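Residues per chain, in single letters:
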Amino acid sequence: MRISTTSCLCPFLVCLCFIQRCYGASHHVPAKVLSKNQTKLANGETEVHHRPKRGWIWNQFFVLEEHMGPDAQYVGKLHSNSDKGDGSVRYILSGEGAGTIFIIDEVTGDIQATKSLDRERKTHYVLHAQALDRNTEEALEPKSEFIIKVQDINDNAPTFPDGPFVATVPEMSEVGTSVLQVTATDADDPTYGNSARIVYSILQGQPYFSVDPKTGIIRTALANMDREAREHYTVVIQAKDMAGQVGGLSGSTTINITLTDVNDNPPKFPQKNYQLYVPESAQVGKPVGKIKANDEDLGVNADIKYSIINSEGANMFSITTDRDTREGIISLKKPLNYERKKTYTLHIEGVNTHVDPRFSYLGSFKDSTTLKITVGDVDEAPVFSMDYYIMDVYENAPSGTEVGAVTARDPDSRNSPVRYFMDSKEDGERYFRIDESTGVVRTTQPLDREDIPWHNITVMASEVDNPSLLSHVPVTVQVLDVNDNPPEIATDGEVIVCESSRPGQVIQTVTAVDKDDFANGQRFSFALPSQLPVNPNFTLKDNEDSTASIIARRRRFNHLTQELYELPIVVWDGGEPSLSGTSTLTLRVCPCQRHGRIRMCQGEAFLSSAGLSTGALIAILLCIVILLAIVVLFITLRRSKKEPLIISEEDIRENVVTYDDEGGGEEDTEAFDIIALRNPAAAEELKFRRDVRPEARQHCIPPRSHRSPSVELDEVDVHEFIKQRLVEADLDTSVPPYDSLQTYAYEGQGSPTGSISPLDSPGTHSEQDYNYLDDWGPEFQKLAELYGEAESDVTT
C-alpha cells in the first residue's frame with residue numbers, strides 16, 4: 001500500500017509527493033509497514049525485514065490546525081498495489097480519531113479531516129490503514145501505521161505568566177544598571193517557522209529605562225535619577241512573535257520600579273538662627289528645648305548626630321538625638337542663675353552618621369546653626385552658704401549650749417529676709433532647736449556620747465514673703481567625748497587557777513574596757529586596793545601596756561579546801577581627769593593536768609561541787625555501812641538478853657564520865673579564844689596566831705655560821721615575849737572590861753637531841769622537793785597533793 005497526498009505546503013513536501021505519485025502510478029508497489037519489522041503476506045507467511053536507514057519519514061500526513069473552511073480538509077490518499085481501479089478494493093481506517101475526526105473514502109482511499117484541529121492541544125494522531133477484497137473480505141495487504149501531524153500556524157500570542165512585576169534600583173545609579181529580567185512564553189511550535197520567535201520592546205518607561213530585545217533584561221537608561229525628585233516608575237514591556245515582523249502576535253506586562261534611597265543629601269537646618277527661653281528654675285538633667293535638621297534621605301541615611309561645638313554652650317547644656325523623630329534634645333547640665341548670667345549662645349552642628357564615599361564630591365554632609373538661650377528670672381528658694389554642715393558639741397553640756405549656725409540668703413535681687421526651722425519629722429528636734437532669725441543651733445538637753453555619738457538633722461529655710469519656697473540642708477552634729485565613764489576589767493568569766501600553781505606563776509593577763517573614746521579610754525594602769533591587807537594568795541603586776549598579770553604568791557591550791565577566791569582590782573584610765581574603777585574577779589581552783597590543761601572543774605559531779613572527792617565519797621559510804629552493821633549487832637545482842645531497848649524514866653543511874661586528857665601544854669590555849677568576844681573591826685587588826693612560835697630577836701642571837709633549830713629556840717627571850725603580850729592585852733580596846741588571866745607555860749624544846757617522831761619536828765623538815773610527782777601522771781596525783789599540802793603547812 002502506498003500513501004500519497006495531493007496537497008503539500010512546503011516545496012520539499014511537494015517534490016516528495018510528486019515522486020510518490022509517479023512511482024505509484026507506474027509500478028504499483030505494495031505498501032510496507034515501517035513501524036514493525038515483520039510483514040504479513042497474502043498466503044499467511046511472515047517475512048522479516050531489516051529497517052533501512054533513511055533521512056526522511058515518508059509515512060506521514062500533514063494537516064493544518066484551525067481550518068475554518070466550509071468543506072472538510074483534505075489530508076491525503078491511501079492506495080494499494082492490488083487496486084486495479086475497478087472498485088474491488090475496500091479501504092478501512094482505524095486508530096486515533098478514525099471515523100470522528102478523520103474519514104476515508106472506501107473506494108478511492110482519500111482521507112479528510114472533518115473538524116478543526118488545535119496543535120497546542122494535540123500535535124499528532126497515529127492511525128492504521130488496511131486494504132480488503134470487497135468480495136471476499138480478505139486482507140490484500142497487512143495493516144500499515146501512519147501518522148497525521150497537525151501543522152502549526154501562528155495562532156498564540158506571547159504571554160508573561162509571572163507578571164506584573166515589582167523591582168527596585170538604587171537612585172543615582174549609572175546608565176545600564178540591571179533592574180530586572182522578564183521572560184515571555186509562546187505556545188506555538190518553536191521548531192517550525194517564526195511563530196514562537198519573540199522580540200522584546202519597551203512601550204512605556206522611556207527615557208528612564210530600556211530593555212534588551214532578545215533577553216528581556218531591563219536596564220536604566222538615564223543617569224542621576226533622583227529618588228527625592230521621583231521615586232516610582234511604571235514600565236510596560238511588549239513581547240512580539242514572528243521575530244517582530246508585521247503580522248506577528250504580541251503580549252505585554254507591567255513592571256513597577258521604585259528607586260531606593262542612598263545618602264546623597266546632607267542635613268539642613270531650616271533656619272540659621274533660633275531663640276529659646278529657659279527659666280532659671282529649670283532642673284539639671286531635664287530637657288529644655290528641641291531643634292531639628294531636615295534630611296531628604298530615608299532610614300540610616302537620614303540619621304543625624306547633633307553636637308554643641310562652642311565651649312560656652314557645651315559647659316552649660318548638652319544635646320542628644322531622638323532616634324524616632326531625629327530631633328536634637330537640649331538638656332541642662334548645670335543650674336542657671338539669672339542674676340549671674342542672662343543669655344547663652346549655642347553653636348549646634350548636625351552631621352550624618354552614615355556617609356557614602358561615592359557622593360563625597362557633593363560636599364560635607366553636615367550643617368550648623370546658632371541657638372540663643374535667654375534665662376528667665378523666677379522667685380527662687382533661699383540658698384544655704386554650704387551644701388552640708390558639720391558641727392560638734394561636748395557631751396554633758398548644759399541645755400542651751402550653742403552648737404553652730406547655718407546661713408542662707410535669698411538669691412533674687414530683692415534679697416528677702418529668711419526664716420529658719422527644723423524638720424519636725426526627725427528626732428533631732430528633741431535634742432536641738434534653731435533660732436528662726438539667726439540660724440543658731442542649740443541643745444535642748446545634755447547629750448551622752450556613749451548613747452548617740454552622731455546626730456543628723458535637717459534645717460530648712462524659707463523666705464518671709466514667700467514661705468512656700470523651701471530649701472533644705474543636712475546638718476551633722478558630733479558629740480565630743482569627755483572622760484565620764486570609769487574603766488572596768490574585761491572578763492569573759494571566771495579565772496581558772498590550777499592546783500599545781502607555783503609562786504610567781506602568771507595565772508592570767510587581764511585588760512580593761514572603757515566606754516569613752518580612744519583619747520580618754522585606752523591607756524590603763526592597774527593595782528590592788530591599798531586599803532585592804534596584803535593578799536597572801538595572789539598579787540598583781542602592771543605590765544604598763546594597758547594590761548596586768550595576776551601572779552600566784554603561794555605554792556599549790558586545793559579546791560577541796562577552798563574552791564573560789566575573790567580578787568579586787570583597781571584600774572585607772574588615762575583621761576583628764578583620770579577616773580578609776582574597782583572590779584572583783586572570781587578565781588576558781590581547778591585540778592589541772594600537765595601543761596596546765598584543766599582536768600576537772602565545774603564539770604564535776606554534784607559531790608565534787610560540794611568539796612567531796614571520789615575517795616572521800618567512798619570513805620563516807622564505808623562509815624555508813626559500818627554504823628549500820630553496829631546498829632544491827634547492837635539490836636541483836638539486846639534481843640538475845642531480853643532487855644528493853646529504851647530505859648524507863650524511873651531507872652535512875654549515876655553516870656561517871658572520865659576524861660583522860662593530859663592537856664596539850666602551851667598549845668592548849670587555842671582551846672579558848674577570846675577573840676570571838678571582841679569588836680570584829682579592832683580584832684582583825686590585832687589578831688595573831690597563838691600556835692606560832694615567838695620570833696627570835698635578832699639582837700639577842702649571837703652571830704654564828706652554823707646554828708641548829710633546837711639551839712635557836714633555846715635562845716628566845718621568853719620574858720620579852722610575855723611582856724609584849726601583856727602590853728598588847730592592856731592596850732586592846734576590843735576586850736571586855738574585866739581582867740583575863742592568860743597562862744603561857746612554855747617549857748622549851750626539851751632534850752637537845754630532839755624527838756625521833758616526825759610529828760612535832762617543824763624545824764627539821766626534809767629539804768627534798770616533791771614537785772617531780774606532778775609529772776608522773778594521774779596515778780600519782782593524790783600522792784603529789786599530799787606532799788604538796790604537807791610542804792604548804794610547813795611553809796606556813
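Since this is a predicted model, take the numbers as computed values, not measurements. (Residues numbered from 1 in each chain as written. Predicted model: local features only at pLDDT ≥ 70, side-chain atom pairs only at ≥ 80, totals over all residues. Heavy atoms only, no water.)

Novice: Just checking my understanding: could you explain the sheet that holds strand 34 (residues 488–490) for this structure?
Specialist: The strands that make up a sheet are held in pairs by hydrogen bonds between backbone atoms, and each pair lies either parallel or antiparallel. With respect to topology, four strands assemble into an open sheet ordered 34-36-39-38, the strand pairing being antiparallel. Each edge of the open sheet carries a strand with a single partner, namely strand 34 and strand 38 (538–542). For this sheet the average axis-to-axis angle between neighbouring strands, irrespective of direction, equals 35°. Relative to strand 39 (residues 547–552), strand 38 runs antiparallel, the two being bridged by five bridges. Note that in strand 39 the partner of Leu540 across the bridge is Ile550. (Pairing = 2+ DSSP bridges. Helix = DSSP H or I, 4+ residues; strand = E, 2+ residues; numbered from the N terminus. Axes fitted to C-alpha atoms, helices over the stretch in contact; angles between N-to-C directions.)

Novice: Which parts of the structure should I look at to understand the pairing of strand 41 (residues 580–590)?
Specialist: Looking down a regular strand, the side chains alternate between one sheet face and the other. Two strands pair when backbone bridges link them, and strand 35 (residues 495–498) and strand 41 are joined in this way by four bridges, in the parallel orientation. Its bridge partner being in strand 41, Val497 is matched across the sheet by Val589. Of the strand pairs in this sheet, strand 40 (residues 564–572) and strand 41 are connected by nine bridges, and their pairing is antiparallel. Its bridge partner being in strand 41, Trp572 is matched across the sheet by Ser580.

Novice: It is not clear to me how the pairing of strand 31 (residues 440–443) should be interpreted in this structure. Could you clarify?
Specialist: Of the strand pairs in this sheet, strand 27 (residues 402–405) and strand 31 are connected by three bridges, and their pairing is antiparallel. Each residue of the ladder has a partner; that of Glu402, found in strand 31, is Arg442. As paired strands, strand 30 (residues 432–434) and strand 31 are joined by three bridges and run antiparallel to one another. Residue pairing across strands places Ile434 opposite Val441, the latter belonging to strand 31. Between strand 30 and strand 31, which follow one another and run antiparallel, lie five residues, and Gly439 among them has a positive phi close to 80°.

Novice: I'm lost on the state of the cysteines in this one. Help?
Specialist: In a disulfide, the sulfur atoms of two cysteines are held together by a covalent bond. By the definition in use, this model includes one disulfide. Each disulfide pairs two cysteine sulfurs, and for Cys498 the partner residue is Cys592, the sulfurs being separated by 2.1 Å. Across the disulfide from Cys498 to Cys592, rotation about the S-S bond amounts to roughly -85°, and the bridge is consequently left-handed. Residue Cys498 is found in strand 35, and its partner Cys592 is found in the loop between strand 41 and helix 4 (606–609); the two are separated by 94 residues along the sequence. Accessibility classification places Cys498 together with Cys592 in one group, the buried group. (Disulfide = S-S within 2.5 Å. Buried < 20%, exposed > 50% of the residue type's maximum accessible area, 1.4 Å probe, protein only.)

Novice: How do you make sense of the confidence of the model for the chain when you look at a structure like this?
Specialist: As a note on interpretation, predicted positions should not be read in detail where pLDDT is low. A residue-level look at the chain finds 73% of positions with pLDDT of 70 or above and a mean pLDDT of 77. This stretch, residues 5–57, has a pLDDT under 50; its non-local contacts, to residues over four places away or in other chains, come to 70 contacts. (pLDDT = per-residue confidence, 0-100. Contact = heavy atoms within 4.5 Å.)

Novice: Got a minute to help me understand the packing of aromatic side chains in this structure?
Specialist: Remark: the centre distance and the inter-plane angle together describe each pair of aromatic rings, the angle taken between the planes. Applying the stated criterion across every chain yields a total of 10 aromatic pairs. A centroid spacing of 5.7 Å and a plane angle of 75° characterise the contact between Phe317 and Tyr344, whose relative ring orientation is edge-to-face. You can see Phe317 sitting in strand 21 (residues 317–321) and its partner Tyr344 sitting in strand 23 (residues 343–352), a full 27 residues away along the chain. Seen in terms of ring centroids, Phe538 and Phe557 are 5.2 Å apart; in terms of plane orientation they differ by 5°. Their pairing is stacked. Here Phe538, found in strand 38, pairs with Phe557, found in the loop between strand 39 and strand 40; they are 19 residues apart in sequence, far enough to count as distant. Ring pairing ties together the aromatic residues Tyr208, Phe209 and Tyr233, which thus form one cluster. Positioned above the aromatic ring of Tyr125 is the side chain of Lys122, whose terminal nitrogen or guanidinium carbon lies 5.3 Å from the ring centre. The lysine or arginine in question, Lys341, covers the ring of Tyr344, its NZ or CZ lying 5.2 Å from the ring centre. (Phe/Tyr/Trp six-rings, centres within 6.5 Å; stacked < 30°, edge-to-face > 60°. Lys NZ or Arg CZ within 6 Å of the ring centre and 35° of its normal.)

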